[in-house]
Amino acid sequence: QANNAHWAGLLTALVGLAAGGGLVWIVRVVGAAALHREAMGFGDVTLMAMIGAFVGWQAALVIFFLAPFAGLVIGLLQWVAHGEHEIPYGPFLCLAALLVVIDWPPIWQRVVPYFDMGGLLPAILMVCMALMGGLLFAYRLASDYVLSDR
């Protein structure tokens with residue numbers, strides 16, 4: 001019985017590793033294709049894979065979608081104060097992971113309906129990735145147009 005718990009723990013960690021790292025890797029590939037430059041570093045992929053191995057696949061998805069909110073606030077402040085257009089994403093992944101680890105039960109109560117969608121959840125994630133690629137492509141075209149007018 002105890003031996004089965006070890007195998008279950010290993011399997012949970014491997015699925016979390018694949019989900020966390022895989023999600024960021026897909027964003028990295030789609031973003032790079034749409035922007036024609038690196039959109040996310042490989043360090044973010046490995047960081048999210050490690051986080052996913054530690055917390056599991058459901059928490060890793062929640063962390064990935066919580067991280068941009070902190071990044072948005074800090075990114076806007078950096079842009080206004082210093083004109084910085086690029087920010088590292090890793091610190092915001094770590095901040096979201098800390099929040100999820102500390103406050104998981106109430107967070108889980110809020111997100112469990114999304115995970116109850118079953119097979120629809122991966123389809124929704126794929127549609128989101130396609131929409132993100134289209135939005136980044138449109139952003140690149142608009143940026144190229146604005147810069148060509150100068």
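Before reading further, recall that the structure is shown in the block above.
Anyway, here's the lowdown on the structure attached to this text.

Each value, and the rule that gives it
Residues numbered from 1 in each chain as written. Predicted model: local features only at pLDDT ≥ 70, side-chain atom pairs only at ≥ 80, totals over all residues. Heavy atoms only, no water. Axes fitted to C-alpha atoms, helices over the stretch in contact; angles between N-to-C directions. Helix = DSSP H or I, 4+ residues; strand = E, 2+ residues; numbered from the N terminus. Parallel < 35°, antiparallel > 145°, perpendicular 65-115°, else oblique. Left-handed = near helix turned anticlockwise from the far one by under 90°. Contact = heavy atoms within 4.5 Å. Nonpolar A, V, L, I, M, F, W, Y, C, P; charged D, E, K, R; others polar. Expected span 1.5 Å × (residues − 1). Buried < 20%, exposed > 50% of the residue type's maximum accessible area, 1.4 Å probe, protein only. Salt bridge = Lys/Arg side-chain N within 4 Å of Asp/Glu carboxyl O.

Notes on the packing of helix 3 (residues 57-82) against helix 4 (residues 90-102)
Next, step 1: The interhelical angle for the contact between helix 3 and helix 4, taken along N-to-C directions, is 125°, at an axis separation of 7 Å. Judged on the interaxial angle alone, helix 4 and helix 3 are oblique. Taken as a pair, helix 3 and helix 4 cross one another with a handedness that is right-handed. The residues of helix 4 that touch helix 3, namely those facing A59, V62, I63, L66, A67, A70, G71 and I74, are F92, L93, L95, A96, A97, L99 and V100.
Next, step 2: Classifying every residue of the contact of helix 3 with helix 4 gives 14 nonpolar, 1 polar and no charged.

Quick word on helix 2 (residues 42-55)
Next, step 1: The first and last C-alpha atoms of helix 2 sit 20 Å apart over 14 residues, in line with the 20 Å expected at 1.5 Å per residue.
Next, step 2: Taken together, the buried positions of helix 2 are occupied by D44, V45, L47, M48, A49, I51 and G52.
Next, step 3: Note on helix 2: the residue one or two positions beyond its end, G56, has a positive phi of about 100°.

Brief notes about the pattern of salt bridges
Next, step 1: A full pass over the atoms with the stated rule returns 3 salt bridges.
Next, step 2: The salt bridge involving R28 is made with E38; its shortest N-O contact spans 3.2 Å. Placement of the pair is R28 in helix 1 (residues 2-35) and E38 in the loop between helix 1 and helix 2, with a sequence separation of 10 residues.
Next, step 3: Of the residues examined, R28 reaches a relative accessible area of 21% and is grouped as partly exposed.

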